[in-house]
Structure formats: structure tokens, C-alpha cells
Amino acid sequence: MATTLREAATRAGMRVGTCCTPKMIEADPVYAATLAREFDCIVAENCMKPKYQAPERGRFDFTEGDKLVAFARAHGMKLRGHTLAWHTQVIPWVADAAFTRTEALEILHEYVMTTVSHFRGGVWCWDVVNEAVTDEGGWRIKSPWFRLIGPDYIDHAFRWAHEADPEVRLFYNDYGLELPGPKANRALRLVRTLLDDGVPVHGIGFQGHLGLDNRFDRAQIIANLRCFRDLGLEVQFTEVDMGIPQPTTPEKLEQQAEEYATRIAIARDLGATAFVWWGFTDAHSWLPTFTKGQFDDGLLFDRDCRPKPAHGAVLRALEQ
Ligand code: G3I
């Protein structure tokens, strides 16, 4: 029986990953050792987003992303690039600016070409466009790219990313696609149209931010996600966590373990090439801050990087 996630995942033909930060890798040897031992794929939680990589006009800063490229290489891991076009953590000098469509296209072109070229060979997959549709199934008009360019910013971003690195896998990444409804339908239409138009989209990223209270029907979720896979897209789970409604109890930790085993089984059923968590230790997770303390303890390791029941359950699910 495998003792680490990456060993079990290799045998299962899938990568297991997590988001992380160069700052924590440098600051905490236990964090770094757990990361390298358990996972074979990483993604930057924040530092490879446009806000940090294009802080001023004419200046790019890839210092932190380069650290992750080096860490991934040193430990035989793949690096997911996250993310080129999103409505949050955008290029600061573009956020509320009044550029013309032509100017905005030039800025997006420069950002995508420069970034993807820089990380050529070091990044395995890019989340080219993140969360372009709303929960109600409309366009995410909050995005500065949508506001300044219109919905075809999506086509352009994918085409330019492919031009900059023809080898890298290009993903549309979003949350809430697991359950049938207006959002999943809209995203499905979006990727189908992109493919019909010959836009180089290679994969679909299911973020998988589903709390322990999100009970769902396994058959229904598989049926829904299969619609994306059946377009011929590579499937990855990209930001999984499972916040526990507070307070956390031993019973809830066991339920979480069971649920995680189910999600791994779903990923394997879909032939997912990676299952990536949005963090690995409960000491570092966006969940408690974002939910104002209502959800916590959503990951596989406790605050001291000791494996929780969910870790064992995931190992077993990978070995089945
Ligand atoms: O950089 C500032 C720092 O200067 C300041 O001292 C500190 C004080 O709070 O804030 C820092 O910025 C924070 C940033 O993360 C970097 O740590 C922002 O406040 C905070 O809002 C931001 O949150 C990130 C969030 O994306 C932004 O929407 C989370 O860490 C990150 O986990 C989260 O990740 C997203 C994925 O990219 C896309 N899918 C959803 C997922 C969860 O929201």
C-alpha cells in the first residue's frame, strides 16, 4: 500500500496537486517537505496572477512564479499556471481604466504573450480564462476584459497563449460546474462554441470548491461533468476543498474523509488527469477568511501538517 498521495496517484495514472506559495515554502520546512513528499503537481495560490506579474505598465515580475518552476523541477512535479484572464486580481493599471477596445486588446496580447513565453517549458497547463460566466448563466461583466473588449477576449486569450507556447495545455477553469443548472449549461455552451470555432482549448478545470454540507447525487454529478469531457476535453479537478461547517467534530472529519473518497472516485470515473486541492494544510486556506469563520478545516492535513482521516481515505480511493 502506498504511503503518500503522489505514489498512489502515480499508480492510478493521475497527478495529485495543491496550491501553494513560495513564501511558505521558504519560511516553513515542514510545509515544504509535506508538499514535496505528497504531491506531484503545484499551482500558485496568488503570485502568478496578473495583479502581481504586471504591477506597472511596461514592467513584468515573474520572480515568485520562477521560484515555483524551480521547486517543481527539483521535486519532479508539474506546475499549473493560474490564471491569465480573471475578473479578480487583475492588472492593477487596467482594473478601472478607460482604454479603447484596441488598446485593451494590445494590453491583453502583450500580457498573455509575455507571460506564457516566459514560462514556456516550465508550466504544464494554463488556466487561460477563469470564471467567465456567472452563477445565473450570464457573462461575468465585472471582468475588465469583458468591459473593454467584449466576450471575444476569451477567444483571443486562448489563441495567443497557444501561439506563445504550442506545447502547453490550455484550460477553461470555473467553479460550480459540478451541478446541472444555468451556470454549467452556459459554460458548456461557451467551450463548445470555442471548439467549434477552432479555438485551442484543451481542457476543462472543475474547481470543486464544495463544502461538506453540499450533498449531491454522485450519478448526477458524473453525468453533468461527462458532458464536458465528451466534447473531447481533458478533465482536471483544479481547486478542491471541502470546508466543514463549524465547529469541526471527529464525526464531521470522518464524513469529510468519506466524501473525499467519493470525489476521487468521480475524478477517476471521468479519467481526470489531475486532482488538485486548493491548499493542503488547514493552517493556510482561504476558507475561514472568505466564509467569516463559518467553514474551516477543508483540507487533507491539520495545522501541523499531520494527515487527517481524509488523507487515508484519499489514499485508499486512489488504490482501489
Ligand atoms: O497582497 C495583500 C497584502 O498586501 C495584504 O497585507 C493582505 C491583507 O489581507 O492581503 C493581501 O492580498 C490578499 C491576497 O489573497 C494575497 O494573499 C487578498 O486580500 C485576498 O483577497 C486574496 O485572496 C485570494 C483570492 O483568490 C482572491 O480572490 C486567495 O488567497 C486565493 O486562495 C483565491 O483563490 C481563488 C482562485 O484564484 C480562483 N478560484 C477561487 C479561489 C478561491 O477564492
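As shown above, the structure is provided for reference.
Values in this document were obtained by computation on a predicted structure and should not be read as measured data.

S.K.: Is there a simple way to explain the nonpolar core in this structure?
M.R.: The tendency in soluble globular proteins is for nonpolar side chains to be buried side by side. In this structure, Phe237 and Trp277 are the most contacted members of the largest nonpolar core, which totals 105 residues. Among the elements that line this core, the one with the most residues is helix 6 (residues 101–118), at 8 residues. Leaving out residues up to four positions away in the same chain, tryptophan 277 has contacts with Val16, Gly17, Thr18, Cys19, Phe39, Glu239, Val240, Tyr260, Ile264, Leu299, Leu300 and Val314. Residues Cys41, Val43, Cys125 and Val276 belong to the second largest nonpolar core, which totals 9 residues.

S.K.: Help me understand helix 3 (residues 29–38) in this model?
M.R.: Residues separated by three or four positions in an α-helix point in the same direction, a consequence of the helix having 3.6 residues per turn. All of the buried residues along helix 3 are Tyr31, Ala32, Thr34, Leu35, Ala36 and Glu38. The N-cap residue of helix 3 is aspartate 28: its side-chain oxygen and the backbone nitrogen of valine 30 are 2.9 Å apart.

S.K.: What exactly am I supposed to notice about the site of the ligand here?
M.R.: Around the ligand, the structure places 15 residues, and the nearest of them are Glu45, Lys49, His82, Glu239 and Trp278. For the ligand, a nitrogen atom lies 2.6 Å from a polar atom in the side chain of glutamate 239. The contact in question runs from an oxygen atom of the ligand to an N or O atom on the side chain of tryptophan 278, over 2.9 Å. Starting from 800 Å² of accessible surface for the ligand in isolation, the protein chains cover 50%.

S.K.: Got a minute to help me understand the pairing of strand 7 (residues 234–240) in this structure?
M.R.: Strand residues, when the strand is regular, have side chains that alternate between the two faces of the sheet. Among the 7 residues in strand 7, 7 count as buried, and that is most of the element. Where strand 6 (residues 203–206) meets strand 7, 4 bridges bridge the pair, whose relative direction is parallel. Looking across to strand 7, one finds that glycine 203 is bridged to glutamate 234. For the crossover from strand 6 across helix 10 (residues 218–229) to strand 7, the handedness is right-handed.

S.K.: Looking at this structure, how should I read the packing of aromatic side chains?
M.R.: What characterises a pair of aromatic rings is the spacing of the ring centres plus the angle enclosed by the ring planes. According to the stated counting rule, one finds 16 aromatic pairs in the structure shown. Aromatic side chains phenylalanine 39 and tryptophan 277 sit 6.3 Å apart centroid to centroid with 65 degrees between the ring planes, which places their arrangement in the edge-to-face category. Placement of the pair is phenylalanine 39 in the loop between helix 3 and strand 2 (41–44) and tryptophan 277 in strand 9 (residues 274–277), with a sequence separation of 238 residues. Assigned by exposure class, phenylalanine 39 and tryptophan 277 land together as buried. Three or more aromatic residues link up through ring pairs in this structure, and these residues are Tyr31, Phe39, Phe206, Phe228, Phe237, Tyr260, Phe275, Trp277, Phe280 and Phe301. A cation over an aromatic ring shows up here: arginine 15 above the ring of tryptophan 124, its NZ or CZ 5.9 Å from the ring centre. In this arrangement the basic side chain of arginine 80 is found over the ring face of phenylalanine 171, its NZ or CZ atom lying 5.1 Å from the centre.

Cut-offs used in this document
Residues numbered from 1 in each chain as written. Predicted model: local features only at pLDDT ≥ 70, side-chain atom pairs only at ≥ 80, totals over all residues. Heavy atoms only, no water. Core = buried A, V, L, I, M, F, W, Y, C linked by side-chain atoms within 4.5 Å. Buried < 20%, exposed > 50% of the residue type's maximum accessible area, 1.4 Å probe, protein only. Helix = DSSP H or I, 4+ residues; strand = E, 2+ residues; numbered from the N terminus. Contact = heavy atoms within 4.5 Å. Polar contact = N/O pair within 3.5 Å; in protein donor to acceptor, adjacent residues only side chain to side chain. Near = heavy atom within 4 Å. Areas by Shrake-Rupley, 256 points an atom, 1.4 Å probe, with all protein chains shown as cover. Pairing = 2+ DSSP bridges. Right-handed = clockwise from strand over helix to strand, strands pointing away. Phe/Tyr/Trp six-rings, centres within 6.5 Å; stacked < 30°, edge-to-face > 60°. Lys NZ or Arg CZ within 6 Å of the ring centre and 35° of its normal.

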